[in-house]
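Spelled out, the chains give:
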Amino acid sequence: MIRVRRSEERGHANHGWLRSMHTFSFAGYWDPRHMGFRSLRVINEDRVAPGAGFPRHPHRDMEILSYVVDGALEHADTIGTGSVIRPGDVQRMSAGRGIAHSEYNASREEPVHFLQIWIEPGELGIAPGYEQKRFDDEEKRDRLRLVASNDGRDGSITIHQDAALYASLLSPGAKVEHTLAPTRGAWVQVVRGAVKVEGELLRAGDAAAIEAAERFAIEGVEDAELLVFDLA
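Calculation rules
Residues numbered from 1 in each chain as written. Predicted model: local features only at pLDDT ≥ 70, side-chain atom pairs only at ≥ 80, totals over all residues. Heavy atoms only, no water. Pairing = 2+ DSSP bridges. Helix = DSSP H or I, 4+ residues; strand = E, 2+ residues; numbered from the N terminus. Axes fitted to C-alpha atoms, helices over the stretch in contact; angles between N-to-C directions. 1 Å grid on protein atoms, 1.4 Å probe; cavity = no way out; pocket = protein on both sides within 12 Å on 5 of 7 lines; lining within 4 Å. Points joined across faces, edges and corners; volume = space filled by probe spheres on them. Nonpolar A, V, L, I, M, F, W, Y, C, P; charged D, E, K, R; others polar. Buried < 20%, exposed > 50% of the residue type's maximum accessible area, 1.4 Å probe, protein only. Polar contact = N/O pair within 3.5 Å; in protein donor to acceptor, adjacent residues only side chain to side chain. Contact = heavy atoms within 4.5 Å.

**Student:** Pulling in residues and values, what's your account of the sheet that holds strand β3 (residues 18-22)?
**Tutor:** Strand pairs in the sheet, formed through backbone hydrogen bonds, run parallel or antiparallel to each other. Pairing is antiparallel across the open sheet formed by seven strands, whose spatial order is β2-β3-β4-β11-β6-β9-β12. Single-partner strands in this sheet number two, and they are β2 (11-14) and β12 (129-134). Ignoring strand direction, the axes of neighbouring strands in this sheet form an average angle of 15°. Both strand β6 (residues 63-70) and strand β9 (residues 89-94) contribute to a ladder of five bridges, which runs antiparallel.

If you want it as structure tokens, here you go:
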């Protein structure tokens, strides 16, 4: 079974310095039909103006992933981590029993475009933590590259939930397949370009939930970038 979530159906907010699209209910956008998918709670597609950003603010009991599409995102937190996240990097911050952080556009000339992803943890009250790794384009070209998992396998970052995240750069006509174990579901998020998922055309910002399927295929229509979540 496939269920499509179109880009234009998402919630949105425009604060001048920030333009944000909400796949699931978040902040001022609330829709009881779209509260998340399994342990996946938030996918916000954010565009932040040069030099602007989110001042220090707290989180707890959430696995927070940042995936930069264009530009550079500067991160600092209360456990002493400071970094700049660029395209190809995947960052994980475990909020655990409490952490505060800030996120700013690292450029004063160019906007930053990124996805912020929240996954509910499998255990509450863990120690806060941080991890960041780079995955070069060739690792993702016309294949699903594991970038996050619950055990850090294949060089992926570690998240505290029974979930796996794959990234792909798919060429027109190229096809990848993913097998789902029984009772698991997948969420496919198109970052840019266009793909077909089981015959459904998805463009940038579109997504699809897939359940009760043993295997599904994704085919490139245009040069595309996408994320695939495999969730318990």
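Picking up where we left off.
**Student:** Which residues make up the layout of surface pockets, and what are the values?
**Tutor:** Estimates place the volume of the largest pocket at around 280 Å³. Lining of the largest pocket is provided by 19 residues; of these, Leu18, His22, Phe26, Asn44 and Phe54 occupy positions nearest its centre. At the level of secondary structure, the elements contributing two or more residues to the lining of the largest pocket comprise β2, β3, β4 (40-48), β5 (53-59) and β11 (112-119). Looking at side-chain class alone, the lining of the largest pocket contains eight nonpolar, nine polar and two charged residues.

**Student:** Go over the side chain of Ser20, please, and point to the residues and values.
**Tutor:** Looking at where Ser20 falls in the secondary structure, it is placed in strand β3. The exposure class of Ser20 is buried, given its relative accessible area of 4%. Here Asp46 takes part through its side chain, which lies 2.5 Å from a polar atom of the side chain of Ser20. Once residues lying within four places of it in the same chain are set aside, the contact partners of Ser20 are Gly11, His12, Ala13, Asn44, Glu45 and Asp46.

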